[in-house]
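# Structural description and commentary
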2 protein chains.
Amino acid sequence: MSLIVQKYGGSSVADAEGLKRVAKRIVETRKAGHEVVVVVSAMGDTTDELLDLAEQVVPVPSGRELDMLLTAGERISMALLAMAIKSLGIEARSYTGSQAGMITDAQHGSARIVDVTPKRVRDALDSGYVAIVAGFQGFNRGTGDITTLGRGGSDTTAVALAAALDADVCEIYTDVDGIFTADPRVVPAAKKIDRISSEEMLELAASGAKVLYIRAVEYARRHGVTLHVRSSFNNNEGTLVTNPKDGEIVEEPIITGVAADLSEAKITVVGVPDIPGKAAQIFTIVAKTNANIDMIVQNVSTASTGRTDISFTLPKSDAATVITALTAEQEEVGFDSLQHDDQIGKLAVVGAGMRTNAGVTAKLFTALFDAGINIEMISTSEIRISVVTRADTVNEAMRVVHRAFGLDGEIEAVVHGGTGR
Amino acid sequence: MSLIVQKYGGSSVADAEGLKRVAKRIVETRKAGHEVVVVVSAMGDTTDELLDLAEQVVPVPSGRELDMLLTAGERISMALLAMAIKSLGIEARSYTGSQAGMITDAQHGSARIVDVTPKRVRDALDSGYVAIVAGFQGFNRGTGDITTLGRGGSDTTAVALAAALDADVCEIYTDVDGIFTADPRVVPAAKKIDRISSEEMLELAASGAKVLYIRAVEYARRHGVTLHVRSSFNNNEGTLVTNPKDGEIVEEPIITGVAADLSEAKITVVGVPDIPGKAAQIFTIVAKTNANIDMIVQNVSTASTGRTDISFTLPKSDAATVITALTAEQEEVGFDSLQHDDQIGKLAVVGAGMRTNAGVTAKLFTALFDAGINIEMISTSEIRISVVTRADTVNEAMRVVHRAFGLDGEIEAVVHGGTGR
């Protein structure tokens, strides 16, 4: 008998039919003799509808009350799911974040988990029940108030419960078959990855792969939780995200996957005096805007002018604020001008095998050069190489690189693999 | 400075506009220097929509999960209302039934309040906040589960909070101007009652007046809470429901109001052997069905046959179950047959002054006789006379009796008194 945590997103429980389908899967798992804890998101577009309603009442809803409002969403889906399971002959109990012991700090809208005390969930399992827990929500002990965990919060709820209950596996159900070597909508030859380390998964998620949220992967890695990302529309095995221990022998492909990200813009600060402390000055100004800086590149200065250019990428939505902030301090910093470019694409190649294999960079650059794709910025970590190209070449770049590293499968991947089951 | 509990029903907060209008009224009360506790129902048809959703998933939803589901409704309305109040410059905090200390028994769907510990509500008031409390919902300490109070539960929440907080008044907002001497849709000459005793209100509510729920009036009477039933669409004074103490001199009109009820059916058990214990036997069988019996009439037996007829009224929806139960025991009880009549109307005349005034019954029967309306059953309490007539004559009966007792006003009542404010 295993203890399995299953997480179902809003698209899996969008309507009564979806709820019944998910209930059937849960009951099958329970009947196979496993203990089952289910984490569920709000149905379909419920959260967006509640946000719309709030905006009709006030332009900028406040944190505490917005959390109170939004948590109604999972309350609805979890109660209905418990009813559906019960109607199939298996006892089920639903629990709010607070009842399930998801203790958080008091940061409304993006609370961090500080403790998990799932006593009622454990008791429900001991009674032979399926326990349904509301994703996304928590409870602050100090204020006694309801909180929410922010984007991707239900994944985090599932992983945190899996860790606290010492679950054997945390299954993340989605509408695709697992993690792919590249986005199958862009690279038809992409293959499903059977197994990936949490380290690689983190780099892929940070580079634009959207199936899992970084925060949930981080939590799983820190607490040694094994994730199984799979489709709620069929019974195929998905992708296992594991945490190989130091010294454990794992067969690592040189490259595990490639990812692309079109959500960033590039800002170049032109003609920065090449004297110590200028970069620090610039990024202190940027940090005050709370913008999320990704890649940073500084060219060598031209000896004749004593000036250099500093480029960085950031979410497109943060660009205007940062430009305003830098312009206000232009005289103080002493740079010549700002350039803003929102037509960039970022390509990332990720693989733990990269550590012990020379030549990956060379192979990457050669493949891109052969395809006539220009590289504008480069940034690397131990297991990742990212390059910035023109936005309209990044998909072609992804296909070229995918092929160059031998990732192409023999059959084309099935996108949104629904067999209608 | 007074402490005022205000209860707003679903029709007052049906949409964003309604929420804003209600918020404005609350803020005005707060700015007038009062402490304000607001009890709010789910928006418009939310509860019915959630019930529909549940029925799509399972034919008969279970108690615990149905309560979990339905309580999402007030969670939405109270959070939005708190936001709306805050946007008008007054701090507000919303609390679930559990957070507000509404402790109930474990009877899902129709829980009874066993204790009210509104510490967080009191703290919010002490901080100068408006406290918003979810109506209809509670919390069972033993199971740790969420419960609901059943039909009219939000009125009960408001009255229970008013009692626990020792509020000066509990205002029940609705879409009419108060309690009327008769339903203004049927009796255009009906007048708003300025003041009524809780005893009379109980009789009116039990006789079909729908503005207040019996349970809330009972609770208010037992705990000495003054109710003020008024419209959320204007600033008119409504109806005060008071609890005059013994010996207190209150000017009592002989008749306070009349009410009609078309929701009942009549069952007659024909040819019951007129021997001791037969009535007890019949109503023991009926009690096992949980049907809610209202009036009971037994005719004197005909000496020649030694048999009698027993008639009783009950909600139409209970009739089939009761007939099945009685038929199953027909031989055991020894009656001849059953008659079922669902075309009856019940008219009630209520007034505390009846106690000290002879001739009320005579005046009532005369008025009905003059109008050619036949009386089929009669039942009386100390301050009420009820008669059963044909269903299609009950509205005319109400108008006739209203006029006979001098209740007709000089101007016609305004139904759904909205001035659009």
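Residues numbered from 1 in each chain as written. Chains lettered and ligands numbered in written order. Predicted model: local features only at pLDDT ≥ 70, side-chain atom pairs only at ≥ 80, totals over all residues. Heavy atoms only, no water.

### Side note on the overall build of chain A
Basically, it comes down to this: Working definition: helices are DSSP H or I runs of at least four residues, strands are E runs of at least two. Numbering for both runs from the N terminus. Radius of gyration: over C-alpha atoms. The globule rule applied is 2.2 Å multiplied by the number of residues raised to the 0.38 power. Reported accessibility uses the Shrake-Rupley method at a 1.4 Å probe radius. Residues are deemed covered only where the shown protein chains occlude them.
Secondary structure summary: chain A contains 13 helices and 20 strands in total. Taken over C-alpha atoms, the radius of gyration comes to 24 Å for chain A, in line with the 22 Å a tight globule of 421 residues would show. Here the C-alpha coordinates of chain A stretch approximately 80 × 55 × 40 Å along the principal axes. Accessible area for chain A stands at about 17,900 Å²; split by element, carbon and sulfur atoms hold 49% of it.

### Side note on the sheet that holds strand β3 (residues 92-95) of chain A
Sheet strands line up and pair through hydrogen bonds in the backbone, either parallel or antiparallel. Residues and elements named next belong to chain A. Rules: Here, strands pair whenever DSSP counts at least two bridges between them. Axis angles are defined between N-to-C directions and span 0 to 180 degrees, where every axis is a line fitted to C-alpha atoms and, for a helix, only to the segment in contact. Should any heavy atoms of two residues lie within 4.5 Å, those residues are counted as being in contact.
One open sheet holds the eight strands; their spatial order is β3-β6-β2-β1-β9-β11-β12-β10, and the pairing between them is mixed. Of all the strands in the sheet, just β3 and β10 (195-197) have a single pairing partner and so form its edges. On average, each strand axis in the sheet is tilted by 20° relative to the strand beside it, whichever way the strands run. Of the strands in this sheet, β2 (35-40), β3 and β6 (130-134) touch helix α4 (residues 72-87), which is tilted by about 165° from β6.

### Details of the side chain of Arg215(B)
Residue and element names in this part refer to chain B. Heads up, the rule is: Exposure classes here rest on a 1.4 Å probe applied to the protein chains alone. A residue is buried below 20% of its type maximum, exposed above 50%, and partly exposed in between. Charged residues are defined here as Lys and Arg on the positive side and Asp and Glu on the negative side; His and the ends of the chain fall outside this count. The working definition used for a salt bridge is a side-chain nitrogen of Lys or Arg within 4 Å of a carboxyl oxygen of Asp or Glu. Nitrogen and oxygen atoms within 3.5 Å of one another constitute a polar contact, given that in protein one can donate a hydrogen and the other can accept it, and given that sequence-neighbouring residues count only through two side-chain atoms.
Its location among the elements puts Arg215 in helix α8 (residues 214-223). Nearest to the buried, unbridged Arg215 among oppositely charged side chains is Glu218, at 6.7 Å. A polar atom in the side chain of Arg215 sits 2.5 Å from the backbone oxygen of Leu149. Those residues in contact with Arg215 that sit more than four places away from it in its chain are Ala111, Arg112, Ile113, Leu149 and Thr156.

### Concerning the packing of aromatic side chains
Residues and elements named next belong to chain A. To keep it simple, the criterion reads: Paired rings are identified among Phe, Tyr and Trp, the last through its six-membered ring, by centres lying within 6.5 Å, and are further divided according to the angle between planes into stacked (under 30 degrees), edge-to-face (over 60) and tilted (the rest).
Applying the stated criterion across every chain, the model contains four aromatic pairs over all chains. Ring geometry for Tyr8 and Tyr173: centres 4.6 Å apart, planes at 10°, overall stacked. Of this pair, Tyr8 sits in strand β1 (residues 3-8) while Tyr173 sits in strand β9 (residues 169-174), and the two are 165 residues apart along the sequence. For the pair formed by Tyr8 and Tyr173, the shared burial category is buried.

### With respect to the environment of Thr289(A)
All names here are of chain A. Note on placement: Thr289 falls in the loop between α9 (278-287) and β15 (296-298). C-alpha separation for the pair Thr289 and Ser154, spaced 135 residues apart in sequence, amounts to 28 Å. If we ignore the near neighbours within four places in the chain, the residues touching Thr289 are Thr321, Val322 and Ala325. Looking at Thr289, its side chain comes within polar contact range of the main-chain oxygen of Val286, at 2.5 Å.

### Quick notes on the relation of the copies chain B and chain A
Here the second copy of the chain follows from the first by a rotation about an axis and a shift along it. Convention followed: Copy-to-copy alignment: least squares on C-alpha atoms, limited to residues at pLDDT 70 or above in both.
The transform that puts chain B on chain A rotates by 179° and translates by 0.2 Å along the axis, for an RMSD of 0.3 Å. Put plainly, the chains are arranged around a two-fold axis. Ranked by how close their C-alpha atoms come to the rotation axis, the residues of chain B are headed by Ala72(B), at 2.5 Å. When the interface residues of chain B are mapped onto chain A, 100% of them again fall at the interface, so both copies present the same face.

### Observations concerning the packing of helix α3 (residues 63-70) of chain A against helix α4 (residues 72-86) of chain B
Keep this limit in mind: Roughly parallel means an angle under 35 degrees; roughly antiparallel, over 145; roughly perpendicular, 65 to 115; everything else is oblique. If you view the pair so one helix is near and one far, a crossing is left-handed when the near helix is turned anticlockwise from the far one by less than a right angle, and right-handed when it is turned clockwise. Residue polarity is assigned by list, with Asp, Glu, Lys and Arg as charged and Ala, Val, Leu, Ile, Met, Phe, Trp, Tyr, Cys and Pro as nonpolar; anything else, Gly included, falls into the polar class.
At a minimum axis distance of 8 Å, the contact between α3(A) and α4(B) shows a crossing angle of 160°. For the element pair α3(A) / α4(B), the angle class is roughly antiparallel. Crossing hand, α3(A) versus α4(B): left-handed. From α3(A), Glu65(A), Leu66(A), Met68(A) and Leu69(A) reach across to α4(B), where they touch Arg75(B), Ile76(B), Met78(B), Ala79(B), Leu80(B), Ala82(B) and Met83(B). Classifying every residue of the contact of α3(A) with α4(B) by side-chain character gives nine nonpolar, no polar and two charged.

### A look at the confidence of the model for chain A
Residue and element names in this part refer to chain A. Rules: Per-residue confidence from the predictor is reported as pLDDT, which spans 0 to 100.
Confidence along chain A averages 89 in pLDDT terms, with 95% of residues attaining 70 or more. Within the model, pLDDT remains below 50 along residues 413-421, and this stretch shows 19 contacts once partners closer than five positions in the same chain are excluded. Overall fold confidence (pTM) sits at 0.80, and the ipTM for the predicted complex is 0.76.

### Concerning the interface of chain B and chain A
As a reminder, the rule being used: By definition, the buried area sums, over both parts, the 1.4 Å-probe accessible area that each loses when the two are put together.
Facing the 40 residues of chain B at the interface are 40 residues of chain A. Summed over both sides, the interface between chain B and chain A buries roughly 3,200 Å², with carbon and sulfur atoms accounting for 66% of that surface. In terms of surface lost to chain A, no three residues of chain B exceed Val57(B), Arg75(B) and Met83(B), which account for 22% of the buried area on that side. Connecting chain B to chain A are two salt bridges. Here Arg120(B) and Asp145(A) are joined by a salt bridge, their closest N and O atoms 2.8 Å apart. Across the chain B-chain A interface, the total number found is 18 residue pairs in polar contact (both at pLDDT 80 or more). Per-element accounting of the side of chain B that touches chain A gives the leading share, ten residues, to α4(B). A class-by-class count of the residues in the side of chain B that touches chain A yields 23 nonpolar, nine polar and eight charged.

### Digging into the environment of His340(B)
Looking at the secondary structure, you find His340(B) in strand β17 (residues 337-341). With 279 residues separating them along the chain, His340(B) and Pro61(B) place their C-alpha atoms 31 Å apart.

### Structural notes on the pattern of salt bridges
Across all of its chains, the model carries 44 salt bridges over all chains by this definition. With a shortest N-O distance of 2.7 Å, Arg64(A) and Glu65(A) are connected by a salt bridge. Of the charged contacts in the structure, one is a salt bridge between Asp145(B) and Arg64(B), with a shortest N-O distance of 3.0 Å. Separated by 81 residues along the polypeptide, Asp145(B) in the loop between β7 (137-139) and β8 (146-148) and Arg64(B) in helix α3 (residues 63-70) bring together distant segments of the chain. It is possible to trace a salt-bridge network through shared partners that takes in Arg64(A), Glu65(A), Asp145(A) and Arg120(B).

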